[in-house]
Every structure is written in C-alpha cells, then in structure tokens.
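# Breakdown of the fold
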Amino acid sequence: MKTSSLVLPKLGCTAAYVFAYRNIKMTIDDYMDAIETMGRLGFTALDLEILEDTHIAIYTPRRIRLLREQAARHRVQLCGFTPWNAQKYLYSLDPDRRRLGFKLFDQECRITRDLGITEVHLGSDIPVELVKSRHGEYKGAPPSGIRLDKLAWEQVWRLTVNTYKTANRIALKYGLRFGIEPRANSVIWSADSFLRLREAVGPNCGCVWDPMHAAYHREDSAWAIRKLGSTLLSLQLCDADGETMFHRKLGTGIVDLAAIKQALKDIRYRGTVLLELYASGKETKAAVDRYYRTSKTYWENL
C-alpha cells in the first residue's frame, strides 16, 4: 500500500484550547462547554489537564461522571491527561518536594483512569533549582536561562531517569501509557534524547511530540517522527516561528506541516493528532474557535 493513501486519525484538541481563552481560570463548566464545542466543530478528541493544584477540585467523582457523559453525548474521546501541577515538585533536587510530586502524580493517574483515559503525560523540564529564568509566553513555559553551578550533567541525567522510572511505575499501576513531551531547553528536548530516556525507563513510555519545541532548536519534526516511529504516542500539532514559545495557528510559521503529515503516513501512525494553539491566554472564545476551525481546514486540505 502506498503510504500517501493512508488515512490519518481525525483531529482532536489539547486542553490548550480552553487555556487559550480562560488562561489558568478554567472550571468544570469550561471543560463541559469545550467538549460541546469540539463536537460542533468536528473535532473527535480532547485531552484534559491540571495546571494548578487548585484545579484538582475540578475532578471530583461526580464531575468526572459529568465529563464522561458529556463526552459520550457529543462523541468526543477524552484521550490524554497532563498533571502539569505535579511537575514543579517532581523536577526538584529536594527529596521532600519529589515525594509530594509523586503523591500528586499518583492521585492524578487515578483521575486519569477514572475519566476513562488511557494515557498520562508529563512535559520535560529541568530541576527548579537550576532554572535561572523562564520564557514568559505561557504558564509553565520552558527555561530561558539555566544555572550550571549546582549539579553535574551526569547527576541531572540520573535524577531525571529515576524520576521518570518512578512515574512510569505509577502509571502502570493504573493501567496507563506514560507519555513524555520533549520541550525546549529541557533535559529531554529532542527525539534522540527521548529515545535514550526510553531505553532506561521502559517500553510503556511513549513520546508526545510538539513541533513548536522542535522548531525552537531547529529540529526537523518530520525526520524526528520517522526516528520515533512506533514510540510516538501523541502529536500536538501547531505552527511556530522558531524564536518564541507561541503555538501558532497552522500555516503561519516555519513548520513544514505537509512533511509532518507525510511522515505520519510513512510510519502508519494511529495515535492522536491534537491541535495545540494559543497566544496570550486572554483571547475571546469566538476568536479561538475561528483559528482552531481554520487550522483544522488547513490540515485537512494539505
């Protein structure tokens, strides 16, 4: 079969859709509304997240049931879950902070399972004590400056491997795949660094690929996708300018999206393809809906 004739999975959206107009103020009502909008705009999936510790309260047993019922009603798959709030504790040199991070991650893996989601994701970073400064484009953006005087690289790598090994064991306890997103200026920042990490962590570990972070380091995403092959768990689709951390609407940056689409076909990819687009986090929902809709059309017409 010619790979050009393969049909890729239909588009979904990451939780960044809600962040784009609610920033960190999202509520259960925002996610319920987002699920309805996904169905109306023709998206097939939505992933969810916890950005702040206070967002854990969104996911009570009753609200989890409401989210699942809303997703079934609008034929939208809840497809992934990212506990961003746990990362500021997991990525630390302080053993007590890491223990708290693992406790939160365990709790949020249970939430993931109860939502009927089969994948839990973390974004790569560096220990908080080594961060000199961060990019300011969005909450939780990668480091822009790194301190090199506190720890040798070998120690950072061992700590990273041990952290992800423990997180992977927790994910497995709940029957979940474990996804790691390489991010700019982080310990895991490229396809090669992810593959090295996976050798240490194990085969349950998959890659969550975001072309914006790759563009920042001038890594070719189509080539990276071919390297990753069957380890690619989810694609967070966006365009990028290669200079900032903004996730731009498709067709407005430097990312070769047609090459990415062909690479997905070449590896016979069957995972999720999710639009991840946002700017300030302060736009109107109507404006966000427009550029998600136009980006969907752009991708489908490539």
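Everything discussed here concerns the structure shown above.
This report concerns the structure included in the present document. (Residues numbered from 1 in each chain as written. Predicted model: local features only at pLDDT ≥ 70, side-chain atom pairs only at ≥ 80, totals over all residues. Heavy atoms only, no water.)

## Some details on the nonpolar core
One broad rule of soluble globular proteins: the nonpolar side chains tend to lie buried together. Defined as follows: The definition of a nonpolar core used throughout is a set of buried Ala, Val, Leu, Ile, Met, Phe, Trp, Tyr and Cys residues joined through side-chain atoms within 4.5 Å. Only protein chains enter the accessibility calculation, which uses a 1.4 Å probe. A residue is then buried if its area is under 20% of the maximum for its type, exposed if over 50%, and partly exposed in between. Whether two residues are in contact is decided by their heavy atoms: any pair within 4.5 Å suffices.
Tyr-59, Leu-115, Phe-178, Leu-264, Tyr-292 and Trp-299 are the most contacted members of the largest nonpolar core, which totals 100 residues. With near-sequence residues (within four places) excluded, Leu-115 lies in contact with Leu-48, Tyr-59, Ile-64, Leu-67, Arg-68, Leu-78 and Phe-81.

## With respect to helix H7 (residues 191–201)
Note the cut-off: The helix and strand labels rest on DSSP assignments: H or I over at least four residues marks a helix, E over at least two residues marks a strand, and numbering proceeds from the N terminus. The arc in question is traced by the directions running from the helix axis to the C-beta atoms.
Every buried residue of H7 is accounted for by Ala-191, Ser-193, Phe-194, Leu-197 and Val-201. Across the axial projection of H7, the buried residues extend over an arc of 160°, all falling on one side. If you follow the buried residues of H7, they end up packed against helix H6 (153–173), strand S7 (177–181), strand S8 (205–209) and helix H9 (221–228). The first or second residue beyond H7 is Gly-202, which carries a positive phi of 125°.

## Describing the packing of H9 against helix H10 (residues 257–266)
Selection rule: Note on geometry: axes are C-alpha line fits, over the in-contact stretch for helices, and angles between N-to-C directions span 0 to 180 degrees. In this scheme, roughly parallel covers angles under 35 degrees and roughly antiparallel covers those over 145, while 65 to 115 is roughly perpendicular and the rest are oblique. The sense of a crossing depends on the near helix, which, turned anticlockwise from the far helix by less than a right angle, makes the crossing left-handed and, turned clockwise, makes it right-handed. For this scheme, ten residues count as nonpolar: Ala, Val, Leu, Ile, Met, Phe, Trp, Tyr, Cys and Pro. Four count as charged, namely Asp, Glu, Lys and Arg, and the remainder, Gly too, count as polar.
One way to put it is that H9 packs onto H10 with a least axis distance of 8 Å and a crossing angle of 15°. Taken together, the axes of H9 and H10 lie roughly parallel to each other. Every pair of crossing elements has a handedness; the one defined by H9 and H10 is right-handed. In contact with Ser-221, Ala-222, Ile-225 and Arg-226 of H9, H10 contributes Ala-259, Ile-260, Gln-262, Ala-263, Leu-264 and Asp-266. Residue composition of the contact of H9 with H10, grouped by class: six nonpolar, two polar and two charged.

## Looking at the packing of aromatic side chains
Put simply, the test is: A pair of Phe, Tyr and Trp rings is counted when the ring centres sit within 6.5 Å of each other, with Trp represented by its six-membered ring. The angle between the planes then sorts it: under 30 degrees is stacked, over 60 is edge-to-face, the rest tilted. Any Lys NZ or Arg CZ found within 6 Å of a ring centre and within 35 degrees of that ring's normal is scored as a charge over the ring.
Summed over the entire model, instances satisfying the criterion amount to 12 aromatic pairs. Geometrically, the ring pair formed by Tyr-17 and Tyr-292 is edge-to-face, given 5.2 Å between the ring centres and 85° between the ring planes. In this pair, Tyr-17 sits in helix H1 (residues 16–22) while Tyr-292 sits in helix H11 (residues 285–301), placing the two residues 275 residues apart along the sequence. Taking 6.1 Å as the distance between ring centres and 55° as the angle between the ring planes, the aromatic pair formed by Tyr-164 and Phe-178 counts as tilted. Placement of the pair is Tyr-164 in helix H6 and Phe-178 in strand S7, with a sequence separation of 14 residues. One exposure class covers both Tyr-164 and Phe-178, and it is buried. The structure contains a cluster of three or more aromatic residues connected by ring pairs, namely Tyr-17, Tyr-21, Phe-43, Tyr-291 and Tyr-292. Between Lys-261 and the ring centre of Trp-299, over which it is positioned, the NZ or CZ distance is 5.1 Å. One Lys or Arg, Lys-296, reaches over the ring of Phe-43 and ends 5.9 Å from the middle of that ring.

## Considerations on unusual backbone geometry
One non-glycine residue, Arg-75, lies in the positive phi region at around 55°. The exposure class assigned to Arg-75 is exposed, which follows from its relative accessible area of 75%. A positive phi angle, near 55°, is found at Arg-268, a position not held by glycine. Looking at where Arg-268 falls in the secondary structure, it is placed in the loop between H10 and strand S10 (272–275). Using a relative accessible area of 44% as the deciding quantity, one classes Arg-268 as partly exposed.

## Points about the side chain of Arg-183
Inspection of the secondary structure puts Arg-183 in the loop between S7 and H7. Setting aside residues up to four positions removed in sequence, Arg-183 forms contacts with Trp-84, Gly-123, Ser-124, Asp-125, Tyr-138, Gly-140, Ala-141, Pro-142, Ile-188, Trp-189 and His-213.

## Re the side chain of Thr-82
Along the chain, the position of Thr-82 falls in strand S3 (residues 77–82). Not counting the four nearest positions on each side in its chain, Thr-82 is found in contact with Leu-48, Glu-49, Ile-50 and His-121.

## What about the pairing of strand S2 (residues 45–49)?
Threshold: Here the rule is simple: two strands pair whenever DSSP picks up at least two bridges between them. The path from the first strand over the helix to the second decides the hand: if it runs clockwise while the strands point away from the viewer, the crossover is right-handed.
Extensive coverage of S2 is indicated by the burial of five of its five residues. Where burial is concerned, the two faces of S2 agree: the one with Ala-45, Asp-47 and Glu-49 and the one with Leu-46 and Leu-48 are both buried. Sheet topology note: the S2/S3 ladder contains four bridges and is parallel. The residue bridging Leu-48 from the neighbouring strand is Phe-81, located in S3. Tracing the backbone out of S2, into helix H3 (residues 61–73) and back to the parallel element S3 gives a crossover that is right-handed.

## Examining helix H2 (residues 28–41)
The following threshold applies: Here the expected span of a helix is defined as 1.5 Å times the quantity of residues minus one.
With 14 residues, H2 should cover 20 Å at 1.5 Å per step; its first-to-last C-alpha distance of 20 Å lies within 8% of that length. Regarding H2, the residues found buried are Ile-28, Asp-30, Tyr-31, Met-32, Ala-34, Ile-35, Thr-37, Met-38 and Leu-41. Those residues of H2 that are buried are in contact with strand S1 (11–13), H1, S2, H3, S3 and H11.

## Quick notes on the pattern of salt bridges
Test applied: Only one rule defines a salt bridge in this text: a Lys or Arg side-chain nitrogen within 4 Å of an Asp or Glu carboxyl oxygen.
Inspection of the entire model under this criterion finds 18 salt bridges. A salt bridge links Asp-33 to Lys-285, with the nearest nitrogen and oxygen atoms 3.8 Å apart. Placement of Asp-33 in helix H2 and of Lys-285 in helix H11 is noted, with a sequence separation of 252 residues between them. Residue class for Asp-33 comes out partly exposed when judged on its relative accessible area of 34%. Here Asp-289 makes a salt bridge to Lys-285, at a shortest N to O gap of 3.1 Å. Pair noted here: Asp-289 and Lys-285 are both in helix H11, with a separation of four residues, about one helical turn. Several salt bridges converge on common partners, so that one network encompasses Asp-33, Lys-285 and Asp-289.

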